[in-house]
Amino acid sequence: MASKSLFSQMFISFTFLVLTPLLIIIFMSYSVFTADLASKTKVQIESSTLYAATEVKKYYEDLYRVTVSIMADKTLWDSMNRRDTIPSEREFEWNENENKIKSALSGYKYTRNELTEIGIVKETGELFHSMVVNEYNPHSVFLNKERILQSEWYRDFQTRDWVKATCPYENGLLFLNRINNPNLFAQPFGVLIYEIDDSLFDQLFQIQTKKLNKLSVYVFNEQGKLIYQRGNSEIHPEKLAGIRASGTINLTESGKKYMVVSRYVGDPDWTYLEVVPYDVIWEDANKLRNYSILLVMISYVCGLAITFLLSKQVVRPLRKLMSAMKQLGTGTTNITLAAKGPFEVREIANRFNVMNRQIGELIAGIVEEQRKAKEADLAALQAQIHPHFLYNTLNLIVHLARKKNTEAIRTLTVSLIELLQNSLKSARLMTTIAGELVMIQHYVLLHQYRSERKIDLFISADPDLLGVRLPKFILQPLVENAIFHGFYPTEDGGTVVINIFRREKHCILKVVDDGVGFRQQGSDSLEGIGLTNVTQRIKHFFPNSNAGLQIFSRPGIGTAIEITIPCDVLEQEGNGNEIRADRR
């Protein structure tokens, strides 16, 4: 096997990839098949619910016609109104009148097979019903008048002033209609009650439940109460009671997925729901899928066994090469691959090792060149400050010499020497905030000797930030601009305030003066190399942060310059300088 080419070995492995498309085809076919089964089942159940809803609506319309006939039956109403006028001692006449009422109501009862009894409960509590002696119904609701009057469904109907309603009752349903006296139409008479057997719904849904095993049927009335249930799914009826629209939804209960088809009918304001588990719908499809998968898996295991033998010589070396390439992409160059496996794999490994070594050498050279270039740039920028500062300071000493102020020259020279020593005593380009503030105090002292104007310096610094490192001569150009461009154009002096504080993860160095100010805003608003140099050095020293410089100025009010640098660069050895908070 080792003598074969990589192409030959990959060709042998590729032949077994035919099994993967075969699995895909099986699952796609299963998906299409199950979707088609679900669609056909949905259509079948929708037809069933539509048929049931249509038949119930027809039945409801028949009851309405029966109600119209009862309301128009003058003989019946005369008999019901006559009951109250018959004296109690005329028992025969009272019984004869009662039989007329039962006979009339019984005649309407036979208009529908499922209509078991008809009764009327007057507002006064009197009861009329259709039960005769030879047709005794032991389950009828009309056997006990007090039971009707005390029942929850009757009290709800009266309390909520419903016109019509449907209520479940033992082995059937009760249809309730509020009726008025036809002789005095505006006067309420009572409640007309139809007692209907469950066989009404059994006949409508028995065909559908035979076609689909484990199909459950639910019917909810206008109040959302369950009035009929056939079957016993794991979905609780309360979870279905809120469905008041026609459509199909999927519900999951106890880990099982169900198809719920609903049909809402506005009159009599009922909702019909049929619920069937998806595992019943997909039972045949699942069997076919399982047999197909078993056959494919047996073939696939055989293919995997052969592929495993090839992977030792092809796949494993390629995986190692891929892992090495990922490490190389992250910057790791000290990687050496062992040249093992077929000829092509060994050649790739050797080429990779050569390329890796060359890349490492190239990266090291570039990093070194960039480091040297950055140090040269920073040194050049730092060097710009020294002649600029020295020029202004020496010019100040010349000015004092012309005045022959030897004591001032001596003091000024001492301050200049201390300033230069602080600047030149270390070759490092960085200092601390504490060291920078000491230099500023010396610098302001020099200008106090040069000018007759009063220049005040106030420093407020967070002690925890005095060890933060920053480039040398960062604050000096800002103070210099405040003195030369803010105070010298006027006869009066001014005040420079330096605030050092923390803002989130950044250190803020703010220099504020009450000089003449200017109109433009931005780091290039003042002429000279000072601010430009500061901005460039901040960008060089803190390239990957939000460090920067902002200027805010208003004519006649003053200027504020704010520098933002990271707070995480601390001097471990301490600042070694004493800062005076107020220097004038």
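Residues numbered from 1 in each chain as written. Predicted model: local features only at pLDDT ≥ 70, side-chain atom pairs only at ≥ 80, totals over all residues. Heavy atoms only, no water.

(A) Geometry of the pattern of salt bridges. As enumerated under the stated definition, the model contains 16 salt bridges in all. Between Asp 36 and Lys 40 there is a salt bridge whose closest N-O contact spans 3.3 Å. Of this pair, Asp 36 and Lys 40 both sit in helix α2 (residues 19–72), 4 residues apart, which is roughly one turn of that helix. Here the residues in one salt-bridge network are Arg 83, Asp 84, Glu 98, Lys 122 and Glu 126, joined through shared partners. (Salt bridge = Lys/Arg side-chain N within 4 Å of Asp/Glu carboxyl O. Helix = DSSP H or I, 4+ residues; strand = E, 2+ residues; numbered from the N terminus.)

(B) Examining the nonpolar core more closely. Residues Ile 433, Ile 498, Leu 509 and Ile 563 are the most contacted members of the largest nonpolar core, which totals 43 residues. Contributions of two or more residues to this core are made by α14 (433–450), β12 (455–461), α15 (476–487), β14 (494–503), β15 (506–513), α16 (529–541), β16 (548–554) and β17 (558–566). Tallying contributions element by element places α14 first for this core, with 7 residues. Apart from residues no more than four positions distant in its own chain, Ile 433 is found in contact with Leu 465, Leu 466, Val 468, Leu 470, Ile 500, Cys 507 and Leu 509. (Core = buried A, V, L, I, M, F, W, Y, C linked by side-chain atoms within 4.5 Å. Buried < 20%, exposed > 50% of the residue type's maximum accessible area, 1.4 Å probe, protein only. Contact = heavy atoms within 4.5 Å.)

(C) Seen up close, the sheet that holds strand β3 (residues 164–169). Here we have 5 strands laid out as an open sheet, ordered β2-β1-β5-β4-β3, and antiparallel in their pairing. One side of each edge strand has no neighbouring strand; the edge strands of this open sheet are β2 (127–129) and β3. Going from strand to strand, the sheet's axes swing by 20 degrees on average, the running direction of each strand aside. Relative to strand β5 (residues 188–197), strand β1 (residues 115–122) runs antiparallel, the two being bridged by 7 bridges. In the sheet register, Ile 120 faces β5, and the bridge partner there is Leu 192. Against the sheet, helix α4 (residues 91–109) contacts β1 and β2, and its axis sits at roughly 135 degrees relative to β1. Strands β1, β3, β4 (172–180) and β5 of the sheet are contacted by helix α6 (residues 152–159), whose axis makes an angle of about 30 degrees with β4. (Pairing = 2+ DSSP bridges. Axes fitted to C-alpha atoms, helices over the stretch in contact; angles between N-to-C directions.)

(D) Layout of helix α3 (residues 74–82). Among the residues making up α3, those that are buried are Leu 76, Trp 77, Ser 79 and Met 80. Along the long axis of α3, the arc covered by the buried residues comes to 160 degrees, so they all point the same way. Looking at α3, the residues exposed on the side facing more than 90 degrees away from the buried face are Lys 74 and Thr 75. Capping the start of α3 is the job of one residue whose side-chain oxygen sits 3.2 Å from the backbone nitrogen of Thr 75: Asp 73. (Arc of directions from axis to C-beta. Polar contact = N/O pair within 3.5 Å; in protein donor to acceptor, adjacent residues only side chain to side chain.)

(E) Spatial organisation of the sheet that holds strand β6 (residues 216–220). With antiparallel pairing, 5 strands are arranged side by side in an open sheet as β7-β6-β10-β9-β8. Edge positions in the open sheet fall to β7 (226–230) and β8 (247–253), since each of these has one partner strand only. Taken pair by pair, the neighbouring strands of this sheet meet at an average axis angle of 20 degrees, ignoring direction. When β8 meets strand β9 (residues 256–265), the two strands line up antiparallel, connected through 7 bridges. Along β9, the bridge assignment pairs Glu 253 with Lys 256.

(F) Region of interest: the packing of α3 against α4. At their nearest, the axes of α3 and α4 sit 9 Å apart, and the two run at 145 degrees to each other. Relative to α4, the crossing made by α3 is left-handed. Here Leu 76, Ser 79, Met 80 and Arg 82 of α3 come into contact with α4, specifically with Glu 93, Asn 97, Lys 100, Ile 101, Ala 104 and Leu 105. Its residues placed into classes, the contact of α3 with α4 shows 5 nonpolar, 2 polar and 3 charged. (Left-handed = near helix turned anticlockwise from the far one by under 90°. Nonpolar A, V, L, I, M, F, W, Y, C, P; charged D, E, K, R; others polar.)

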